[in-house]
Amino acid sequence: MSEPSAIVPEGARGAVARLIDERRAQGSGILVGYLPIGFPDLATSIDAAVALAENGVDVIELGPPYSDPVMDGPVIQAATQQALANGFKLRHTFEAVRGITERCDAPVLVMSYWNPVQQYGVERYAAALEDAGAAGMITPDLIPDEAGDWFEASDRHGLERVFLAAPSSSEARLATVAERSRGFVYAVSTMGITGARADVDAAARGLVGRLRDAGAERACVGIGVSTAEQVREILGYADGAIVGSALVKALADGGVDALGRLAAELAAGKA
Amino acid sequence: MALRDETGPYFGAYGGRWVPESLVAALDELTTVWEHAKTDPAFLDELDELHRSYTGRPSIITEVPRFAEHAGGARIILKREDLNHTGSHKINNVLGQALLTKRIGKRRVIAETGAGQHGVATATAAALFGLECTIYMGEVDTERQALNVARMRLLGAEVVAVTSGSRTLKDAINDAMRDWVTNVEHTNYIFGTVAGPHPFPAMVRDLQKIIGEEAREQVLSLTGRLPDAIAACVGGGSNAMGIFHAFLDDEDVRLLGFEAAGDGIETLRHAATIGKGRPGVLHGARSYLLQDEDGQTVESHSISAGLDYPGVGPEHAWLADLGRAEYRPVTDTAAMEALRLLSRTEGIIPAIESSHALAGALELGRELGPEAIILVNLSGRGDKDMTTAARWFDLIDEGAEQS
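Keep in mind that this is a model prediction, so the values were computed, not measured. (Residues numbered from 1 in each chain as written. Chains lettered and ligands numbered in written order. Predicted model: local features only at pLDDT ≥ 70, side-chain atom pairs only at ≥ 80, totals over all residues. Heavy atoms only, no water.)

## Observations concerning the state of the cysteines
Phase 1 of the analysis: According to the stated counting rule, one finds zero disulfides over all chains in the structure shown.
Phase 2 of the analysis: The structure places no disulfide on Cys220 of chain A, whose sulfur is separated from the nearest cysteine sulfur, that of Cys104 of chain A, by 18 Å. (Disulfide = S-S within 2.5 Å.)

## Describing the interface of chain B and chain A
Phase 1 of the analysis: Across the contact, 34 residues belong to chain B and 37 residues belong to chain A.
Phase 2 of the analysis: Summed over both partners, the interface of chain B with chain A comes to about 2800 Å²; 48% of that surface belongs to carbon and sulfur atoms.
Phase 3 of the analysis: Together, Trp18, Glu21 and Arg178 of chain B form the three largest contributors to the area buried by chain B at its contact with chain A, with a combined 26%.
Phase 4 of the analysis: Put simply, chain B and chain A have two salt bridges between them. (Contact = heavy atoms within 4.5 Å. Buried area = accessible area lost by both parts, 1.4 Å probe. Salt bridge = Lys/Arg side-chain N within 4 Å of Asp/Glu carboxyl O.)

## Some details on helix H9 (residues 202-213) of chain A
Residues and elements named next belong to chain A.
Phase 1 of the analysis: Between its terminal C-alpha atoms H9 stretches 17 Å, which fits the 16 Å expected from twelve residues at 1.5 Å a residue.
Phase 2 of the analysis: Looking only at H9, the buried set comprises Ala204, Leu207, Val208 and Leu211. Along H9, the residues classed as buried sweep out an arc of 100 degrees about the axis, all on the same side. The exposed set on the far side of H9, more than 90 degrees from its buried face, consists of Ala202 and Asp213. (Helix = DSSP H or I, 4+ residues; strand = E, 2+ residues; numbered from the N terminus. Expected span 1.5 Å × (residues − 1). Buried < 20%, exposed > 50% of the residue type's maximum accessible area, 1.4 Å probe, protein only. Arc of directions from axis to C-beta.)

## Side note on the UniProt feature "modified residue: N6-(pyridoxal phosphate)lysine" (unreviewed entry) in chain B
All names here are of chain B.
Phase 1 of the analysis: Residues annotated in UniProt with the feature "modified residue: N6-(pyridoxal phosphate)lysine" (unreviewed entry) correspond here to Lys90.
Phase 2 of the analysis: Within the secondary structure layout, Lys90 lies in helix H4 (residues 90-104).
Phase 3 of the analysis: Apart from residues no more than four positions distant in its own chain, Lys90 is found in contact with Gln117, His118, Ala121, Gly192, Thr193, Gln208 and Ser238. (UniProt positions renumbered as here; feature names shortened; annotations may be inferred.)

## What to know about the environment of Val117 of chain A
All names here are of chain A.
Phase 1 of the analysis: On the secondary structure map, Val117 appears in helix H5 (residues 114-120).
Phase 2 of the analysis: Linking Val117 and Thr139, residues 22 residues apart in sequence, is a C-alpha distance of 9.9 Å.
Phase 3 of the analysis: Setting aside its immediate chain neighbours within four residues, Val117 contacts Ser112, Val122, Tyr125 and Met137.

## Comments concerning the UniProt feature "domain: Tryptophan synthase beta chain-like PALP" (unreviewed entry) in chain B
Phase 1 of the analysis: UniProt tags residues 57-380 of chain B as "domain: Tryptophan synthase beta chain-like PALP" (unreviewed entry).
Phase 2 of the analysis: Annotated as residues 57-380 of chain B, this span is 42% helix and 21% strand, and its ends, taken at the C-alpha atoms, are 14 Å apart.

## Details of the pairing of strand E2 (residues 14-18) of chain B
Residue and element names in this part refer to chain B.
Phase 1 of the analysis: A large share of E2 lies buried, amounting to five of its five residues.
Phase 2 of the analysis: Of the strand pairs in this sheet, strand E1 (residues 10-11) and E2 are connected by two bridges, and their pairing is antiparallel. Looking across to E2, one finds that Tyr10 is bridged to Gly15. (Pairing = 2+ DSSP bridges.)

## Structural notes on the UniProt feature "active site" (unreviewed entry) in chain A
Phase 1 of the analysis: Under the present numbering, the feature "active site" (unreviewed entry) in UniProt falls on Glu61 and Asp72 of chain A.
Phase 2 of the analysis: Here Glu61 of chain A is to be found in strand E2 (residues 59-63).
Phase 3 of the analysis: Setting aside residues up to four positions removed in sequence, Glu61 of chain A forms contacts with Val32, Gly33, Tyr34, Leu35, Leu109, Met111, Ile138, Tyr186 and Ile242 of chain A.
Phase 4 of the analysis: Tracing the backbone through its elements, the reader meets Asp72 of chain A in the loop between E2 and helix H3 (74-85).
Phase 5 of the analysis: Classification of Asp72 of chain A as buried rests on a relative accessible area of 5%.
Phase 6 of the analysis: Setting aside chain neighbours within four positions, we find Asp72 of chain A in contact with Gln77, Tyr113, Ile193 and Thr194 of chain A together with Arg178 of chain B.

## What about the nonpolar core?
Phase 1 of the analysis: If you look at the biggest cluster of nonpolar residues, it comprises 158 residues, and the most contacted ones within it are Leu35, Trp150, Phe184, Tyr186 and Leu211 of chain A together with Trp180 of chain B.
Phase 2 of the analysis: Sequence-distant contacts of Leu35 of chain A, defined by excluding residues within four places in its chain, comprise Ala48, Ala49, Leu52, Glu61, Leu62, Gly63, Leu247, Val248, Leu251 and Leu259 of chain A.
Phase 3 of the analysis: Counting residues in each nonpolar core, the second largest holds 34 residues, with Ile230, Leu248, Tyr288 and Leu319 of chain B among its members. (Core = buried A, V, L, I, M, F, W, Y, C linked by side-chain atoms within 4.5 Å.)

## Section: the sheet that holds strand E14 (residues 373-378) of chain B
Backbone hydrogen bonds hold the strands of a sheet together, and the pairing may be parallel or antiparallel.
All names here are of chain B.
Phase 1 of the analysis: The strand order across the open sheet built from six strands is E3-E4-E14-E9-E10-E13, with neighbouring strands paired in mixed fashion. Edge positions in the sheet fall to strand E3 (61-63) and strand E13 (325-331), since each of these pairs with one other strand and no more. Along the sheet, successive strands turn relative to each other by an average axial angle of 30 degrees, direction set aside.
Phase 2 of the analysis: Both strand E4 (residues 75-80) and E14 contribute to a ladder of six bridges, which runs parallel. Opposite Ile76, over in E14, you have Ile374 as the bridge partner. (Axes fitted to C-alpha atoms, helices over the stretch in contact; angles between N-to-C directions.)

## With respect to the environment of Gly133 of chain A
All names here are of chain A.
Phase 1 of the analysis: In this fold, Gly133 is placed in the loop between helix H6 (122-132) and strand E4 (136-138).
Phase 2 of the analysis: Judged by relative accessible area, Gly133 falls into the partly exposed class, the value being 37%.
Phase 3 of the analysis: C-alpha of Gly133 to C-alpha of Arg218: the two residues are 85 residues apart in sequence and 22 Å apart in space.
Phase 4 of the analysis: What Gly133 contacts, discounting residues up to four positions off in sequence, is Val97 and Thr101.

## Describing a negative patch on the surface
All names here are of chain B.
Phase 1 of the analysis: The grouping of Asp5, Asp249, Glu251 and Asp252 at the surface amounts to a negative patch.
Phase 2 of the analysis: One can find Asp249 in the loop between helix H11 (238-244) and strand E10 (254-262).
Phase 3 of the analysis: Judged by relative accessible area, Asp249 falls into the partly exposed class, the value being 34%. (Patch = residues over 30% accessible without salt bridge, like charges linked within 9 Å, V, L, I, M, F, W, Y side chains within 5 Å. Areas by Shrake-Rupley, 256 points an atom, 1.4 Å probe, with all protein chains shown as cover. Lys, Arg positive; Asp, Glu negative; His and termini not counted. Charge placed at Lys NZ, Arg CZ, Asp CG, Glu CD.)

This is the structure:
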């Protein structure tokens, strides 16, 4: 299976890790906003990501649409299915990253299901991400057990790699996820798929605590987060809050302007 | 190492666990419980008793000489999984996984289904064991297999018509996995085929290998020797692995899997995953996959809902690469002709899925000649397919239709 990765030397922190450390020194954390690439079209999705950054979102999580997104709920499924129907191609991922990083300073993490990466070639994909200016990648259906190629490629290209941790994960698995992640660990707030929820589970707080005990330097909480109040609550114990479906819904219903307004509202939760 | 001793998680370059972290704990638990159960006499006795007094095992073999006249005179022997309770091989796997569900202490089961046979088997086991049951079925399949939807509901299961993606088996699996991620604390996923993340490929294979173990003895005692070739249809591949497994290390026995070629593999409308796909990751395992250049899953097509799947079990991918098993395409037309031929020559109406294996056996018999013995896995019966067959063969008079 996987070989031990090279030890990342001190000072080799990626853009997202540095940003989290800065915010932590100020007693706050980061807001991560997810959007699918190509929804409602490629140009608008780039404008939308820039609007997030201009309205207080610190890190852009950019999702290339995939035919079988098993971690996604109905809102994101509908958006990504539409993007695919409108002709999304894998190369648009790198165009979108470049388009966003040219226009704003927010670090971009690509959130991709694994098969497209594997088909493109893990090394080639990593090289293209680095070239386009991405900070790294979140991998929702790649666990460290299967990630040997990705450890090597991400180290070689200086990319942050964000693995998921779940409330059901054993202590041993949390330790592995913490050790293997660069940037932060994505703490899944609740057992489930993406989509807004009224309450972000108490399980999230417990999971972040367990992740810290397991050696995680940075942990951000996602799944179900949709309000400024939830962002505020999460930043009380974690390093960042991740919002997805709520933003996608705002973009779908009200366009880039409505998206910007929601982002600003959510960002108020950081204060 | 004998091929039969491979237990996963990897089959050569295939298999593994390509899943969200949220499912790993449940997969680890299943693996541990299964590793213990498969050698625990109490578990095996309980499963044997269910096979005997509930399913009706061992299933018989039937030699079909009138059908075989159309196969170059080779001897053709059918393994009659169609005679099992619920009408297909799917019950073998489901009873084992339902017993495991009880052992783990979960109260609800979910399953995906294409043709509806695995859904019916799961709903049946849920009724038998008093478990809550939800079945995910693509909306397209609920239409072409309406009778099985009614059966599942009669058995007390909730049937969810899946409207995402291609609205067939692959999307039913996506939705079942989403349900499992959400409800894993009290829900067990009874996976229907030898695909998916470890331990499913090995576990489902182990629960289906009884087909080949019985058939090997039965053919030996009928003919005094092993068959020359074994034919089975392959969608995900559970009936094929079930009958192949006992013969994996019998080098002189050829193993042939017949994939659904739909309108033909030269068209875009087929489900010939090994024939036309390339390695990739889908539904938790690395295996052959029908996909475009970007790694997006391509929709498959087959007249048979049970074979209409763009993936295939990792053990088949491994056996194909090793050259131990061969995989060939069978078109909708060839399968339907074989369905009619077996019905007319032997009085046995096969499932459309299994008819792909029968069509393959006809071709194989002509290649191997009259000295050959071919064992065919008749994995299911055709009752569920009457609407499709009636339409295909134009069997229902306009005037005779009920209004």
